[in-house]
Amino acid sequence: MRAKSIFAVPATLSDAERQQRRHALVRLSLAWLAMMQVMMFAWPGYLRHEGIPKDALDTLDWAIVLMNWASLALTVPVVLYSAWPIWRHAGANLRQGRAGMDVPVALGIVAAFIPSVHATYTGRGEVYFDSVTMFVAFLLTARYLELCARQSFGGAAGGLRHARVETQRLALGASADRLASRFVLAQVALALGAGAVWAYIDPAHSVPVMVALLVMSCPCAMSMAVPTAMASAHAALAADPAMSDAMLDALLDRARGKARQNLHGSLAWHLLMTPLALVGWVTPWLAAITMLVSSLAVAYNSWRLTRHGGSVHEAADGALEAAP
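The text that follows walks through the structure, step by step, so that each part is easy to find. In this text, all values refer to a predicted model and were calculated from it rather than measured experimentally.

## Considering the overall build of the chain
When its secondary structure is counted, the chain shows 11 helices and 0 strands. Relative to its 324 residues, the chain shows a buried fraction of 48%. The contacts in the chain between residues at least 6 apart in sequence include a share of 78% that link residues at least 24 apart. As displayed, the chain has an accessible area near 15900 Å², and 67% of this comes from carbon and sulfur atoms.

Following this line, the structure appears as structure tokens:
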């Protein structure tokens, strides 16, 4: 792995942090494997319609029941093992009397998983095992990227110049966390209210709409906005450790701009998708995909800072020329 890669393990990383990264990768791998299989098992349910001949429909219904039980068996390890950090953090948040980022995530998993188990057992109703596994897999992907970004280059241990990057990360991160917390509270309230309204209008749409909004309430992209931008700044600095102070100032300015672009862009994406979810046009699995897309977009936008290092040099040269 290249030294400036976000996935490179810093030499200064402690044993506990290395173990944390390994466990995160194992949980992520299990979630992705289960998700791909559960999506295959969900396919017969998407094919079903009343226009199918009766004998073929009976066979298909039997296959759907069998696939639902198989999906349940694969989803349980994802919910209990892969999503364990979510349950732990959500429980800690509730004991402290605050709604952190993991509380709406846990609510979304419960709101999709419990009705799916009931539908599988009774043989009536919709199941959302594909949405649950997809949500967990995509969420863990975003958080693994965030973990790698936070751990990259050993943080301030890289020297005084890397310490400047870390100082900026902490300052911007505090503001981003406050915005994300307010967003979570508003989105959870909206999801519960929308579920109640749809239960009165059309009960069949109540659970899908509520789950989709709860999935979208996870501010994954917002939580990645600052760490990925600062990790990109660390990478650019590691690639050119002899850069002048003017170049470092220009790099920090561009990293700050990237972090704000990420934060405002991810918030705009959430605001754009929310009305579509409210009217039932965004299914839970589609909400999970939009969450992953926004997180990957944030990571890509941040990493452009290292791909276009010449811009930093040009900005620094322009600043020097403008100086009296």
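Let us keep going from here.
## What about the pattern of salt bridges?
This structure, assessed with the given rule, holds 5 salt bridges. Notably, a salt bridge pairs Asp102 with Arg143, separated by 2.5 Å at the nearest N-O pair. With Asp102 in helix H4 (residues 102-122) and Arg143 in helix H5 (residues 129-151), this residue pair connects regions lying 41 residues apart in the sequence. By relative accessible area, which is 7% here, Asp102 ends up buried. The class of Arg143 is partly exposed, set by a relative accessible area of 22%. For Glu166, the salt bridge goes to Arg169, with nearest N and O atoms at 3.1 Å. Highlighted residues: Glu166 and Arg169, both in helix H6 (residues 160-201), separated by 3 residues, approximately one helical turn. For Arg169, a relative accessible area of 16% corresponds to the buried category.

## As for the nonpolar core
By size, the foremost hydrophobic cluster in this structure holds 58 residues, and its most contacted members are Ile109, Phe135, Phe138 and Leu139. Considering each element in turn, this core owes the most residues, 13 residues, to H5. Beyond its immediate sequence surroundings of up to four residues, Ile109 is in contact with Val79, Ala83, Ile86, Trp87, Val132, Phe135 and Val136.

## With respect to the packing of helix H2 (residues 54-82) against H4
Two elements in contact, H2 and H4, have axes separated by 10 Å at closest approach and are oriented at 150°. Considered as vectors, H2 and H4 are oriented roughly antiparallel to each other. Two packed elements cross with a definite hand, and for H2 against H4 that hand is left-handed. Seen from H2, the contacting residues are Asn68, Trp69, Leu72, Thr75, Val76 and Val79; seen from H4, they are Ile109, Phe113, Val117, Thr120 and Tyr121.

## Digging into the environment of Ala31
Looking at where Ala31 falls in the secondary structure, it is placed in helix H1 (residues 15-47). Here the alpha-carbon distance between Ala31 and Thr133, two residues 102 residues apart in the chain, equals 6.4 Å. When sequence neighbours within four positions are dropped, the list of residues in contact with Ala31 reads Val78, Ser82, Thr133, Val136, Ala137 and Leu140.

## Remarks on the packing of aromatic side chains
Across all of its chains, the model carries 2 aromatic pairs by this definition. Plain terms: the ring middles of Trp32 and Phe138 are 5.5 Å apart, the flat faces sit at 50° to each other, and that makes the pair tilted. Of the two residues, Trp32 is situated in helix H1 and Phe138 in helix H5; the sequence distance between them amounts to 106 residues. We classify Trp32 as partly exposed; its relative accessible area is 28%.

## Looking at the side chain of Ser206
Position of Ser206 relative to the elements: it lies in helix H7 (residues 203-216). A distance of 2.8 Å separates a polar atom in the side chain of Ser206 from the backbone oxygen of Gly195. Setting aside its immediate chain neighbours within four residues, Ser206 contacts Gly195, Trp198 and Ala199.

## Here's the deal with helix H9 (residues 245-278)
Taking 1.5 Å as the rise per residue, H9 with 34 residues should run 50 Å; its terminal C-alpha atoms sit 50 Å apart, in good agreement. Positive phi shows up at Gly280, right after H9, with a value of about 90°.

Reading guide: rules and limits
- Residues numbered from 1 in each chain as written.
- Predicted model: local features only at pLDDT ≥ 70, side-chain atom pairs only at ≥ 80, totals over all residues.
- Heavy atoms only, no water.
- Helix = DSSP H or I, 4+ residues; strand = E, 2+ residues; numbered from the N terminus.
- Buried < 20%, exposed > 50% of the residue type's maximum accessible area, 1.4 Å probe, protein only.
- Contact = heavy atoms within 4.5 Å.
- Areas by Shrake-Rupley, 256 points an atom, 1.4 Å probe, with all protein chains shown as cover.
- Salt bridge = Lys/Arg side-chain N within 4 Å of Asp/Glu carboxyl O.
- Core = buried A, V, L, I, M, F, W, Y, C linked by side-chain atoms within 4.5 Å.
- Axes fitted to C-alpha atoms, helices over the stretch in contact; angles between N-to-C directions.
- Parallel < 35°, antiparallel > 145°, perpendicular 65-115°, else oblique.
- Left-handed = near helix turned anticlockwise from the far one by under 90°.
- Phe/Tyr/Trp six-rings, centres within 6.5 Å; stacked < 30°, edge-to-face > 60°.
- Polar contact = N/O pair within 3.5 Å; in protein donor to acceptor, adjacent residues only side chain to side chain.
- Expected span 1.5 Å × (residues − 1).

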